[in-house]
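# Remarks on the overall topology
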Amino acid sequence: MVDNIPMRTEPARPPAPTLEQVAERAGVSRSTASRAINGGLRVSPEALASVEAAVADLGYTPNRAARSLVTKRTDSIALVVPEPDERVLSDPFFAGTLNGLSSSLADSDIQVVLVIARPGESERTVRYLRNGHVDGAIVVSHHRDDELDRTLLASRVPNVFVGRPLSADERDVQYVDTDNHEGGRLATEHLIGLGRRRIATIAGPEDMSAGIDRLAGWRDAMAAHGLPDDAVVHGDFTIASGAIAARDLLARFPDLDAIFIASDLMAAGALGVLAEHGKEVPGDVAVVGYDNLGVAASTTPPLTTVVQPVVAMARAAGARLLDQLQGAATPTEPLIFAPELVIRASA
């Protein structure tokens, strides 16, 4: 014998409201309702208000695919990072950049698409951007050889760089940066003011404006005080490269009494090597880093460093890109943040 088990039937969901129903409720044509929902172009204030009220009353949600056909917009922008995957996931610079960019878009419907442009893939990246997948791009951690500034300029894709561009004329590219030259000089002057005279530097990559400018600031400060500027080793802004560079410096310049290091991650690697060699910081070797992104306060000892306001820089870059997308007047001059020295125990 089989028992009859009663079946519970879920009530049918009402169909989603349509654009035609919005138009009928608002007392306007379908095309007017569509224009009102997709930006309000060529729509009177009265009709726009009626459509907005109808959308709210009916709970209407626009179809994004259909909306893109009307507006020719994707409501998304790319955050382009020409670095290897592991670097993007481990460096706090990129987390700060994403934080700042997201905050600049908080009042809009625009989403961020992360595009990791691996070495040698710049043409593929620009092709993706140019083919309408996004409305614009923010580029960070730009290297000279990736030529993203030059190719994006030619593509006409709206863009803003975080960091001074290298391959294109910087007057043609919108960018936001910190004064890396002054930051390098400020850090070195601090070490000189502490009485240090054999000051080395672990510089950043030679194909990035941050690496070039921070090194130039160090050289200028050394020259102003008649100090030698031969103790230079380059890293790539990673912990491992900072450790390798520190070992090289200690082997070649055993009399050094201070190091200006062009990123906090490299400084963290260098501090470990100094400890291995029995060098007390700051007693034997004073150390100043650059970035002030979290790691600086947790090293042993805590790191004196130059602030790079990454969140504020990315937020400003996002605001400039939004202005471009909205057709607003945008400044032609770059936005440059002044550096600031945060003094902790390392120097």
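Keep in mind it's a predicted model, so treat the numbers as computed, not measured.

## Here we look at the domain arrangement of the protein chain
- Per the domain assignment, the segments making up the protein chain are domain 1 (19–71), domain 2 (76–177 + 311–336) and domain 3 (180–309).
- Between domain 1 and domain 2, the C-alpha centre-to-centre distance is 32 Å.

## Brief notes about the pairing of strand β9 (residues 286–291)
- Taken across its 6 residues, β9 has 6 buried, putting it largely inside the fold.
- Side chains of β9 alternate between two faces, with Ala-286, Val-288 and Tyr-290 and Val-287, Gly-289 and Asp-291 buried alike.
- Bridging between strand β8 (residues 258–261) and β9 involves 3 bridges; their strand directions are parallel. Within the sheet, the bridge partner assigned to Ala-258 lies in β9 and is Ala-286.
- Crossover connection from β8 via helix α12 (residues 264–276) to parallel β9: handedness right-handed.

## Details of the sheet that holds strand β6 (residues 199–203)
- Ordered by their spatial adjacency, 6 strands build an open sheet running β7-β6-β8-β9-β10-β12, and the pairing between neighbours is mixed. The two strands at the open ends of the sheet, each matched to only one other strand, are β7 (232–234) and β12 (340–342). Here the strands of the sheet are splayed against their neighbours by 20° on average, with no regard to which way each runs.
- Judged from the 3 bridges that link them, strand β10 (residues 304–307) and β12 form a sheet pairing that is antiparallel. Within β12, the residue paired with Val-306 across the bridge is Leu-341.

## Notes on unusual backbone geometry
- With an omega of 10°, the peptide bond between Val-281 and Pro-282 qualifies as cis.
- Locating Pro-282 in the fold gives a position in the loop between α12 and β9.
- Pro-301 follows Thr-300 through a cis peptide bond whose omega is -5°.
- Relative to the assigned elements, Pro-301 resides in the loop between β9 and β10.
- For Ser-141, which is not a glycine, the phi torsion comes out positive at approximately 60°.
- Tracing the backbone through its elements, the reader meets Ser-141 in the loop between β3 (136–140) and α8 (148–155).
- Residue Phe-237 is not a glycine yet carries a positive backbone phi of 70°.
- Relative to the helices and strands, Phe-237 is located in the loop between β7 and α11 (239–252).
- According to the relative accessible area criterion, Phe-237 is buried, its value standing at 7%.

## Looking at the pattern of salt bridges
- Inspection of the entire model under this criterion finds 10 salt bridges.
- Between Asp-255 and Arg-198 there is a salt bridge, with its nearest N and O atoms 3.5 Å apart. Linking Asp-255 in the loop between α11 and β8 with Arg-198 in the loop between α9 (180–193) and β6, this pair joins segments that are 57 residues apart in sequence.
- Note on Arg-198: relative accessible area 16%, which makes it buried.
- Here Glu-276 makes a salt bridge to Arg-247, at a shortest N to O gap of 3.4 Å. Within this pair, whereas Glu-276 is found in helix α12, its partner Arg-247 is found in helix α11, the two being separated by 29 residues in sequence.
- Assessed through its relative accessible area of 38%, Arg-247 is described here as partly exposed.
- A single salt-bridge network, built from bridges that share partners, covers Glu-182, Arg-185 and Glu-189.

The rules behind these values
Residues numbered from 1 in each chain as written. Predicted model: local features only at pLDDT ≥ 70, side-chain atom pairs only at ≥ 80, totals over all residues. Heavy atoms only, no water. Domains from an automatic or database assignment. Buried < 20%, exposed > 50% of the residue type's maximum accessible area, 1.4 Å probe, protein only. Helix = DSSP H or I, 4+ residues; strand = E, 2+ residues; numbered from the N terminus. Pairing = 2+ DSSP bridges. Right-handed = clockwise from strand over helix to strand, strands pointing away. Axes fitted to C-alpha atoms, helices over the stretch in contact; angles between N-to-C directions. Salt bridge = Lys/Arg side-chain N within 4 Å of Asp/Glu carboxyl O.

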